[in-house]
Amino acid sequence: MNRSVRFDDIRALLVCHVDNAGISRVKVLPHRKLLSASTHGVTISNSAGVLFSVDDHLNATRDVDPVVGDLRGIADTSSMAMLDRDARLAWAPADLFSLDGTPHPTCQRTALRRVVDDAEDVRLTFLVGFELECTVFRPSPVEGEPPVPATTGPAYSTRALLEVEAFAFAALEALDVAGVPVDQMHPEFGSGQLEFAFAPRDPLAAVDDLALARVVLTRVAQRHGLLVSFAPVPIVGGSTNGCHVHLSARRDGRNVFADPKAKLGVTPLGANMIAGILDRLEEGVALLGGSVLSFARLRPHAWAGADICWGEGNREAAIRFVPGQAGMGAEQSNIEVKPVDAAANLYLAVAAIIAAAVDGVARDATPPKPVRVDPSTLTAVQRRSAGIRPLPADLGSALHRLESSEFYRGVLGDVLIDAYVATRQHEWEAYGEHVPEDVADIVRWKY
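Below you will find a few notes about this structure.

Calculation criteria
Residues numbered from 1 in each chain as written. Predicted model: local features only at pLDDT ≥ 70, side-chain atom pairs only at ≥ 80, totals over all residues. Heavy atoms only, no water. Salt bridge = Lys/Arg side-chain N within 4 Å of Asp/Glu carboxyl O. Helix = DSSP H or I, 4+ residues; strand = E, 2+ residues; numbered from the N terminus. Buried < 20%, exposed > 50% of the residue type's maximum accessible area, 1.4 Å probe, protein only. Pairing = 2+ DSSP bridges. Phe/Tyr/Trp six-rings, centres within 6.5 Å; stacked < 30°, edge-to-face > 60°. Lys NZ or Arg CZ within 6 Å of the ring centre and 35° of its normal. Contact = heavy atoms within 4.5 Å. Axes fitted to C-alpha atoms, helices over the stretch in contact; angles between N-to-C directions. Parallel < 35°, antiparallel > 145°, perpendicular 65-115°, else oblique. Left-handed = near helix turned anticlockwise from the far one by under 90°. Nonpolar A, V, L, I, M, F, W, Y, C, P; charged D, E, K, R; others polar. Core = buried A, V, L, I, M, F, W, Y, C linked by side-chain atoms within 4.5 Å. 1 Å grid on protein atoms, 1.4 Å probe; cavity = no way out; pocket = protein on both sides within 12 Å on 5 of 7 lines; lining within 4 Å. Points joined across faces, edges and corners; volume = space filled by probe spheres on them. Arc of directions from axis to C-beta.

## Focus: the pattern of salt bridges
Point 1. If you walk through the whole model with that rule in mind, you get 24 salt bridges.
Point 2. The shortest N-O distance in the salt bridge between Arg 219 and Asp 84 comes to 3.3 Å. Remark: Asp 84 occurs in strand β5 (residues 81-84) and Arg 219 occurs in helix α5 (residues 203-223); sequence separation between them is 135 residues.
Point 3. When the shortest N-O distance is used, the salt bridge between Arg 363 and Asp 359 registers 2.8 Å. In this pair, Arg 363 and Asp 359 both sit in helix α9 (residues 346-363), 4 residues apart, roughly one turn of the helix.
Point 4. The exposure class of Arg 363 is partly exposed, given its relative accessible area of 37%.
Point 5. Under the relative-accessibility criterion, Asp 359 is labelled buried at 14%.
Point 6. Salt bridges linked by common partners bring Asp 76, Asp 95, Arg 109, Arg 113 and Asp 208 together as one network.

## Here's the deal with the pairing of strand β16 (residues 334-337)
Point 1. Here β16 shows no split at all, with Asn 334 and Glu 336 on one side and Ile 335 and Val 337 on the other all buried.
Point 2. Note: strand β12 (residues 243-251) against β16, 3 bridges, orientation antiparallel. Residue pairing for β16: Leu 247 is matched across the bridge by Ile 335.

## Quick notes on the packing of aromatic side chains
Point 1. In total, this model carries 3 aromatic pairs according to the counting rule given.
Point 2. Its guanidinium or amino end placed over the ring of Phe 230, Arg 214 lies 5.4 Å from that ring's centre, counting from NZ or CZ.
Point 3. Above the face of the Trp 303 ring, Arg 315 is positioned so that its terminal group lies 5.6 Å from the ring centre.

## Description of the environment of Thr 366
Point 1. Along the chain, Thr 366 turns up in the loop between α9 and α10 (380-386).
Point 2. Considering only alpha carbons, one finds Thr 366 and Leu 269, 97 residues apart in sequence, at a separation of 9.8 Å.

## Description of the side chain of Arg 297
Point 1. Inspection of the secondary structure puts Arg 297 in helix α7 (residues 292-297).
Point 2. Setting aside chain neighbours within four positions, we find Arg 297 in contact with Pro 232, Val 233, Thr 240, Asn 241, Gly 242, His 244, Ala 302, Ala 304, Lys 338, Pro 339, Val 340 and Asp 341.

## Quick look at the packing of helix α6 (residues 268-288) against α9
Point 1. Packing of α6 against α9 brings their axes to within 7 Å, and their N-to-C directions diverge by 140 degrees. Classed by the angle they form, the pair α6 and α9 counts as oblique. The way α6 lies across α9 gives a crossing that is right-handed. In this structure, α6 uses Leu 269, Asn 272, Met 273, Gly 276, Ile 277, Asp 279, Arg 280, Leu 287 and Leu 288 to contact α9, whose residues at the interface are Leu 348, Ala 349, Ala 352, Ile 353, Ala 356, Ala 357, Asp 359, Gly 360, Val 361 and Arg 363.
Point 2. Here the contact of α6 with α9 is built from residues that sort into 12 nonpolar, 3 polar and 4 charged.

## Notes on the side chain of Thr 240
Point 1. With respect to the helices and strands, Thr 240 occurs in the loop between β11 (227-229) and β12.
Point 2. Taking relative accessible area as the criterion, Thr 240 reaches 9% and is therefore assigned buried.
Point 3. Here Thr 240 is in contact with Glu 133, Gln 193, Pro 232, Val 233, Arg 297 and Arg 299, once residues within four sequence places are set aside.

## Side note on the nonpolar core
Nonpolar side chains in soluble globular proteins tend to be buried together.
Point 1. One finds Phe 126 and Phe 130 to be the most contacted residues of the largest nonpolar core, which totals 121 residues.
Point 2. Of all the elements, α9 adds the most residues to this core, at 14 residues.
Point 3. With sequence-adjacent residues up to four places away left out, Phe 130 is seen in contact with Phe 196, Ala 197, Phe 198, Ala 206, Val 207, Leu 210, Cys 243, His 244, Val 245, Leu 346 and Val 350.
Point 4. Formed by 23 residues, the second largest nonpolar core is a distinct cluster that contains Val 42, Leu 51, Met 82 and Leu 96.

## Looking at the layout of surface pockets
Point 1. Approximately 510 Å³ is the volume found for the second largest pocket.
Point 2. For the lining of the second largest pocket, the elements supplying multiple residues, two or more each, are β1 (12-18), β2 (24-30), α5, β11 and α9.
Point 3. Partitioning the lining of the second largest pocket into residue classes produces 18 nonpolar, 5 polar and 4 charged.

## Side note on the environment of Phe 130
Point 1. Mapped onto the elements, Phe 130 comes out in strand β7 (residues 125-138).
Point 2. Along the sequence, Phe 130 and Leu 51 sit 79 residues apart, while their C-alpha atoms lie 26 Å from each other.

## Focus: helix α11 (residues 395-403)
Point 1. Burial in α11 covers these residues: Leu 395, Gly 396, Ala 398, Leu 399 and Leu 402. An end-on view of α11 places all buried positions within 160 degrees of arc, on one side of the element.
Point 2. Where α11 is buried, its residues meet α6, α7, α12 (406-412) and α13 (414-431).

## Comments concerning unusual backbone geometry
Point 1. Cis geometry is found at the peptide bond from Gly 153 to Pro 154, where omega equals 0 degrees.
Point 2. Phi at Asp 252 is positive, roughly 55 degrees, even though this residue is not glycine.
Point 3. Of note in this structure, His 301 is not a glycine but carries a positive phi near 70 degrees.
Point 4. One can find His 301 in the loop between α7 and β14 (307-312).

Right under this line is the structure:
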């Protein structure tokens, strides 16, 4: 996609970064400051950069003071995009730098870039594509009542699409203007639920696309008198929103997830990667969805990948192997990592997945046998025999595993891990014992 944007065409630039709570924070530069966007950038406090929780509670760590100190948000103008041609409004992602000009150890975007570079050092290249689910609401017809889902179904139906036709096609047009490549969109299972599938890109560009897409979708919804929620559980008792990560990998030009002659359908390297991701899921799942509601989503029969296992086409497994159309496997085969949602910082989520995959190759890890049924239908004995284990039951348990993880501390660094755990630990302590309905009301419009 061509995302060339001239400074002369910009009236204002949104300089955005996604923080440890999964929230996009912003500074706005007027036209006269654009030339400094990629050099001096903008001032960002430590709190706004990495230490706010989802409710804007201010946290502290040993290495990052929430009150004293500043960061610089340097816009990556090579990834700049036009949000609105008529308004001459543009967007750019920011990297976080220390005042001495070095990348700050809490910069999530830099962490992903470093993981990708490390993979390339061992001749592995990755592409990432996202399936972003969201729930669209319209004002209630009853005055004073909360918004209601904008579609009533049936699931995946043309009728559901037509209920939000104006918004859906305006969204596709706006995403095209912004240079975000959409492969397809459709009404999903739940009331008001839509899914946008984005074309595979290199990992950093893919996450930038996702962050930008959420801004675009929110703007378009507001212009149509609607609200859009990316929360993992927007309506308790209804369908949940995931943000599934499709990962493909190549070494020396060959797709490691495509080998139709092999027993598992993947190359030995592909098997190593699947094993590596599965092996690290318990200690890394807090990076894939760090909300209290992320773990309410991870339940059987929700197609959320609540069980640590893998299988071809298996939507209940944490990793779904997608072999592709007959004769097209070399171009299409990939794996889908399902226990991911938009409450995550997706730069860290993708970094965690790729690092685990590369670690699987380094260890020559062996995956368990693929699971060909819904794992929740198996007996306890059958699950143990197949090596199937559940993901941590709640955010508190997942954070404990992450905080204790030597592997992810090695990948992301102590300063970043400690800041991430601090922001998410507050959410667990503040809302972990609340009923899901109360938590949903608090975070529904945060992301």
